[in-house]
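# Notes for the structure review
Spelled out from the first residue to the last, the chains are:
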Amino acid sequence: MLEFLKAILFGIVEGITEWLPISSTGHLILLNEFVKLDVRDEFFSMFEVVIQLGAILAVVVLFWNQLWPFSKKEKNYIKQDTFMMWIKIFVACLPAAVIGLLFDDVIEDLFYNYQVISLALIIFGVAFIIIENVNHKRKPHINSLSEITFNAAIIIGLFQLIAAVFPGTSRSGATILGAILIGVSRSVAAEFTFFLAVPVMFGASLLKMVKYGLPTTGMEVIILLTGMIVAFIVSVIVIKFLMSYIKKHDFKVFGWYRIVLGILVLLYFGLIK
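Residues numbered from 1 in each chain as written. Predicted model: local features only at pLDDT ≥ 70, side-chain atom pairs only at ≥ 80, totals over all residues. Heavy atoms only, no water.

## Details of the layout of surface pockets
Approximately 800 Å³ is the volume found for the largest pocket. Along the walls of the largest pocket sit 36 residues, with Ala96, Ala164, Val200, Met201 and Ala204 positioned nearest its centre. Going through the elements one at a time, helix H2 (24-34), helix H3 (41-50), helix H6 (80-111), helix H8 (150-165), helix H9 (171-181) and helix H10 (186-212) are the ones with two or more residues in the lining of the largest pocket. Residues belonging to the lining of the largest pocket are distributed by class as follows: 18 nonpolar, twelve polar and six charged. (1 Å grid on protein atoms, 1.4 Å probe; cavity = no way out; pocket = protein on both sides within 12 Å on 5 of 7 lines; lining within 4 Å. Points joined across faces, edges and corners; volume = space filled by probe spheres on them. Helix = DSSP H or I, 4+ residues; strand = E, 2+ residues; numbered from the N terminus. Nonpolar A, V, L, I, M, F, W, Y, C, P; charged D, E, K, R; others polar.)

## Looking at the environment of isoleucine 117
Structurally, the position occupied by isoleucine 117 is in helix H7 (residues 114-134). In this structure isoleucine 117 comes out as buried when scored by relative accessible area, which is 1%. Not counting residues within four places of it along the chain, the set of residues in contact with isoleucine 117 comprises Gly26, Ile29, Pro167 and Gly168. (Buried < 20%, exposed > 50% of the residue type's maximum accessible area, 1.4 Å probe, protein only. Contact = heavy atoms within 4.5 Å.)

## Brief notes about the packing of aromatic side chains
For the structure on display, the rule yields 17 aromatic pairs. Measuring from centroid to centroid gives 5.8 Å for phenylalanine 10 and phenylalanine 47, while their planes differ by 75°, and the two rings are edge-to-face. In this pair, phenylalanine 10 is assigned in helix H1 (residues 2-17) and phenylalanine 47 in helix H3, connecting sequence segments 37 residues apart. Each member of the pair, phenylalanine 10 as well as phenylalanine 47, is classed as buried. Counting every residue linked through ring pairs, the aromatic cluster contains Phe128, Phe241, Tyr245, Phe251 and Phe254. Stacked on the ring of phenylalanine 150, the Lys or Arg lysine 88 has its end atom at 5.9 Å from the ring centre. (Phe/Tyr/Trp six-rings, centres within 6.5 Å; stacked < 30°, edge-to-face > 60°. Lys NZ or Arg CZ within 6 Å of the ring centre and 35° of its normal.)

## Topic: the pattern of salt bridges
Evaluation of the coordinates by the stated rule reveals ten salt bridges. Of the charged contacts, one joins arginine 40 and glutamate 220 as a salt bridge, the two residues approaching to 2.9 Å between their closest N and O atoms. Of this pair, arginine 40 sits in the loop between H2 and H3 while glutamate 220 sits in helix H11 (residues 218-245); the two residues are 180 residues apart in sequence, bridging distant segments of the chain. Classification of arginine 40 by relative accessible area gives partly exposed; the value is 31%. (Salt bridge = Lys/Arg side-chain N within 4 Å of Asp/Glu carboxyl O.)

## Thoughts on the nonpolar core
Counting 52 residues, the largest nonpolar core has Trp19, Val59, Phe192, Phe194 and Phe195 as its most contacted members. Of all elements in the fold, only helix H4 (52-62), H6, H7, H8, H9, H10 and H11 reach the threshold of two or more residues within this core. In terms of residue count, the dominant contributor to this core is H10 (eleven residues). Those residues in contact with valine 59 that sit more than four places away from it in its chain are Trp19, Trp64, Leu67, Phe194, Phe195, Val198 and Ile239. Counting 19 residues, the second largest nonpolar core, distinct from the first, contains Val13, Phe47, Leu53 and Leu224. (Core = buried A, V, L, I, M, F, W, Y, C linked by side-chain atoms within 4.5 Å.)

## Section: helix H12 (residues 252-272)
Over its 21 residues, H12 runs 29 Å from end to end, which matches the ideal 30 Å to within 8%, given 1.5 Å per residue. Here H12 has its buried residues at Phe254, Gly255, Arg258, Ile259, Leu261, Gly262, Val265 and Phe269. (Expected span 1.5 Å × (residues − 1).)

## Points about H7
Taking 1.5 Å as the rise per residue, H7 with 21 residues should run 30 Å; its terminal C-alpha atoms sit 30 Å apart, in good agreement. Where H7 is concerned, the buried positions are Val116, Ile117, Ser118, Ala120, Leu121, Ile122, Phe124, Gly125, Phe128, Ile129, Ile131 and Glu132. On its buried face, H7 is in contact with H2, H6, H8, H9, H10 and H12.

## Some words on the packing of H4 against H11
Following both chains from N to C, one finds H4 and H11 inclined at 45°, their axes separated by 7 Å at the closest point. In terms of orientation, H4 lies oblique with respect to H11. The two elements H4 and H11 meet at a crossing, and its hand is right-handed. On H11, the residues that touch Leu53, Gly54, Ala55, Leu57, Ala58, Val59, Val61 and Leu62 of H4 are Met228, Ala231, Phe232, Ser235, Val236, Ile239 and Lys240. Its residues assigned to classes, the contact of H4 with H11 comprises twelve nonpolar, two polar and one charged. (Axes fitted to C-alpha atoms, helices over the stretch in contact; angles between N-to-C directions. Parallel < 35°, antiparallel > 145°, perpendicular 65-115°, else oblique. Left-handed = near helix turned anticlockwise from the far one by under 90°.)

## Quick notes on the side chain of serine 71
Mapped onto the fold, serine 71 is located in the loop between helix H5 (64-67) and H6. Within the structure, the side chain of serine 71 is placed 3.2 Å from the backbone nitrogen of lysine 73, a separation counted as a polar contact. Those residues in contact with serine 71 that lie beyond four places of it in its chain are Tyr77, Ile78 and Lys79. (Polar contact = N/O pair within 3.5 Å; in protein donor to acceptor, adjacent residues only side chain to side chain.)

Function cannot be read off these values alone, since they describe shape.
Given below as structure tokens:
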């Protein structure tokens, strides 16, 4: 029962942090320091990635009409704008996919530690505040998904690569930041980030399941399914909140949160633990 309750907590944290630009991986690693799941190390390494499938399912459900590229009402049954969007998503995913496949073990060994996580939290927190201040009076020139060019998709993909390498950066945070920098509106940047997450997280989950294997006990299956279901429910709420929030607010509050959290992490692991 205790591990079941812990799985619920992990699902809540995943559902919140996957979409807010504050780093889901960083929060899950930190949460495991205080509420440690009593499971095999291999299972947890798989769990902290595969639990994100629940969060991704929320995107698929909420944005199904925008994501599904086929329609009987369209010529040749294909929605051209949606089909082109998927090609751009594929292009944007290539940098992170290639690096992830080639250097997953190296990245995990070198960068999955509190120093990198805390510094990434702080650096990107400062970046959010600076960029939002600079862009305060700038009008975005990309205001719809169809206006995102292949060049823009590649640039956003390179920002996603930063998050793939450095835990604590936040995949959503990095891609939103990159998109805003090149003139994408906040709402379009957020949507494109959500859609990017679908193939990226499915690919990352498959990679981890191949590397660490599937759950081997009934309890591990229950923990994984519980975390995914809770992450899905919480993600639906958080995505709706974020899309409403960014219509009237910028991302600076998340920047300050990241800075404070990064400092606390450094203090806890550097001085207390």
